[in-house]
Number of protein chains: 2
Amino acid sequence: MKKINVKKGAVLQRKGDISSKVYLVESGLLRSYTIDDKGKEHIYMFGPENWLVADSCEPNTPCQLFIDALEDTIINVATKEELLKEGPDLTALLRRLDTMQNRIIMLMSSNAKKRYEHFTKTYPNIIQRVPLKMVASYLGITPEALSRIRNELSKKK
Amino acid sequence: MKKINVKKGAVLQRKGDISSKVYLVESGLLRSYTIDDKGKEHIYMFGPENWLVADSCEPNTPCQLFIDALEDTIINVATKEELLKEGPDLTALLRRLDTMQNRIIMLMSSNAKKRYEHFTKTYPNIIQRVPLKMVASYLGITPEALSRIRNELSKKK
DNA sequence: CCTATGCATTGATGTTCATCAAGAAATAAT
DNA sequence: ATTATTTCTTGATGAACATCAATGCATAGG
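Residues numbered from 1 in each chain as written. Chains lettered and ligands numbered in written order. Predicted model: local features only at pLDDT ≥ 70, side-chain atom pairs only at ≥ 80, totals over all residues. Heavy atoms only, no water.

## Some details on the pairing of strand β8 (residues 73–78) of chain B
All names here are of chain B. As a reminder, the rule being used: Accessibility here uses a 1.4 Å probe with only protein chains present; expressed as a share of the type maximum, an area under 20% marks a residue as buried, one over 50% as exposed, and anything in between as partly exposed. Secondary structure elements are defined from DSSP: runs of H or I of at least 4 residues count as helices, runs of E of at least 2 residues count as strands, and each element is numbered from the N terminus. Here, a strand pair is defined by DSSP locating no fewer than two bridges between the strands.
Burial of β8 is extensive: five of the six residues sit out of reach of the surface. Note that strand β3 (residues 22–27) and β8 share five bridges and pair antiparallel. In the sheet register, V22 faces β8, and the bridge partner there is A78.

## Quick word on the protein's contact with DNA strand C
For clarity, the cut-off: Whether a residue is near a molecule or strand is decided by its heavy atoms; if any one of them lies within 4 Å of it, the residue is near. As used in this structure description, the phrase polar contact means that two N or O atoms lie within 3.5 Å; if the pair is within protein, one of them must be able to donate a hydrogen and the other to accept it, and residues adjacent in sequence are counted only when both atoms belong to side chains.
If you check the shell around DNA strand C, you find 16 residues, and the closest are A112 of chain A together with L132, K133, R148 and N151 of chain B. If you look at DNA strand C and keep only atoms within 4 Å of the protein, 59% of those are sugar or phosphate atoms. Between T142 of chain A and DNA strand C, the recorded distance is 3.0 Å, taken from a side-chain N or O atom to a phosphate oxygen. Within the side chain of R148 of chain B, a nitrogen or oxygen atom sits 2.4 Å from a base nitrogen of DNA strand C.

## Considering the relation of the copies chain B and chain A
Selection criterion: Here the copies are matched by least squares. The fit uses the C-alpha atoms of residues with pLDDT of at least 70 in both. Two residues form a contact once any of their heavy atoms are found within 4.5 Å.
Rotating chain B by 180 degrees and translating it 0.0 Å along the rotation axis places it on chain A, where the RMSD comes to 0.0 Å. The superposition operator between the copies reduces to a two-fold rotation axis. Taking C-alpha positions as the reference, the residue of chain B nearest the rotation axis is I104 of chain B, at 3.0 Å. A shared interface surface links the copies, since 100% of the contact residues of chain B are contact residues in chain A too.

## Quick look at the layout of surface pockets
Just so we agree on the cut-off: The rule is simple: put a 1 Å grid over the protein atoms alone, call a set of points where a 1.4 Å probe fits but cannot get out a cavity, call an open set with protein on both sides within 12 Å along at least five of seven lines a pocket, and count a residue as lining if it has an atom within 4 Å of a point. Grid points are joined across faces, edges and corners, and a volume is the space filled by probe spheres set on the points. Amino acid classes used here: Ala, Val, Leu, Ile, Met, Phe, Trp, Tyr, Cys and Pro are nonpolar; Asp, Glu, Lys and Arg are charged; the rest, including Gly, are polar.
In this structure, the largest pocket spans a volume of roughly 960 Å³. Taken together, 39 residues form the lining of the largest pocket, with W51, L52, A92, L93 and R96 of chain B sitting closest to its centre. When contributions to the lining of the largest pocket are tallied by element, the ones reaching two or more residues are α2 (90–109) of chain A together with β3, β6 (52–54), β8, α1 (80–85), α2 (90–109), α3 (112–122) and α5 (132–139) of chain B. Considering each element in turn, the lining of the largest pocket owes the most residues, 10 residues, to α2 of chain B. The class makeup of the residues in the lining of the largest pocket is 23 nonpolar, seven polar and nine charged. In this model, the second largest pocket occupies a volume close to 720 Å³. Along the walls of the second largest pocket sit 26 residues, with L52, D89, A92, L93 and R96 of chain A positioned nearest its centre. Of all the elements in the fold, those that place two or more residues in the lining of the second largest pocket are β3 (21–27), β6 (52–54), α1 (80–85) and α2 of chain A together with α2 of chain B.

## Focus: the interface of chain B and chain A
A common measure of how large an interface is: the accessible area buried when the components associate. What counts, and what does not: The term buried area refers to how much accessible surface (probe radius 1.4 Å) is lost by two components on association, counted for both of them together. By definition, a salt bridge exists where a carboxyl oxygen of Asp or Glu is found within 4 Å of a side-chain nitrogen of Lys or Arg.
Counting residues at the interface gives 35 residues for chain B and 35 residues for chain A. Carbon and sulfur atoms supply 69% of the area that chain B and chain A bury against each other, a total of about 3,300 Å² over both sides. With a shortest N-O distance of 2.9 Å, D37 of chain A and K114 of chain B are connected by a salt bridge. Where chain B touches chain A, the interface holds eight residue pairs in polar contact (both at pLDDT 80 or more). Contributions of two or more residues to the side of chain B that touches chain A are made by β5 (41–47), α2 and α5 of chain B.

## Quick notes on the protein's contact with DNA strand D
Around DNA strand D there are 16 residues in total, and L132, K133, R148 and N151 of chain A together with A112 of chain B lie nearest to it. Here the atoms of DNA strand D within 4 Å of the protein split so that 58% fall in sugar or phosphate, with bases taking the remainder. Here a sugar or linking oxygen of DNA strand D sits 3.2 Å away from a polar atom, N or O, in the side chain of S147 of chain A. Side-chain polar atom of K40 of chain B to a phosphate oxygen of DNA strand D: 3.2 Å apart, as the coordinates give it. Here the residues of the surface near DNA strand D sort into five nonpolar, five polar and six charged.

Dropping the structure here:
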């Protein structure tokens, strides 16, 4: 478990890397994302303070996600082997599974507007720290679509 | 860890239940799913032989998923507390995280046709065991849309 | 055997969101 | 401060998929 400092824009991991590590964010903001075959980015997760950011690929297999820093960030880095040995935090693992389960259900059963409303409630602080197009990417829609949704929501008030 | 037998159609867990358990499938087939506010079902996961089926909610919180049996099924049941005490199978947990990560990426970056093709490759045996409308529900599309996709794919050959 | 129920398919139409293009506004760079 | 770059917005058009309705097929129960 080594503590490191990274600058905004630093890339910690690229898709295809074999030695994918686990990053515990102390301060700042990371993100993980994929790039599809049309070159389009899809944000998989934001990693603010106290979040664990990692690719879930098995040890010694190529990973799927890019990970980079959206702000100057302080992180603790560990290998998966290390974590498995010392016995990981099971409560944190369960919480992560729950987060992913919610995300899947959300993607399958809600339209863009509902997903956005849920996101603003669940991650109110993230919205102010990243450009809207990244929120759109996280929600699985285009920036244009998100712009229209916000427009519509603000009129209603 | 108690072994039990359930008949096709048996319901093991309902959305909102507090004491959600963990089910290890020995033979047969389970599924977990939600019902959205319009009454529409969304299959979250199929659970064939050797799969672990569970709601990822934290202990003593209301769960989100229904779980029932699509075939006569033999399962080992445990509470989450039990599993946490005896130290869960970390490799299996990591594999599950990987599966969910793939699912999310798939839902965000692929259209219905690609998701279907991926599904047929990844779970070839499930397709033959469940009605198509359930595959559609898992993929996040309507049975009509899946019917048209299959139609189109068969013409190409 | 006959009927009731669920399943798969097909066609017609509608909604949601993506794509393309252009311009305004904000942010960063020199 | 000025320019360059990114971000956000708005409009027009199109594609993907949903919805609604009707029909044929299979399967299960009586």
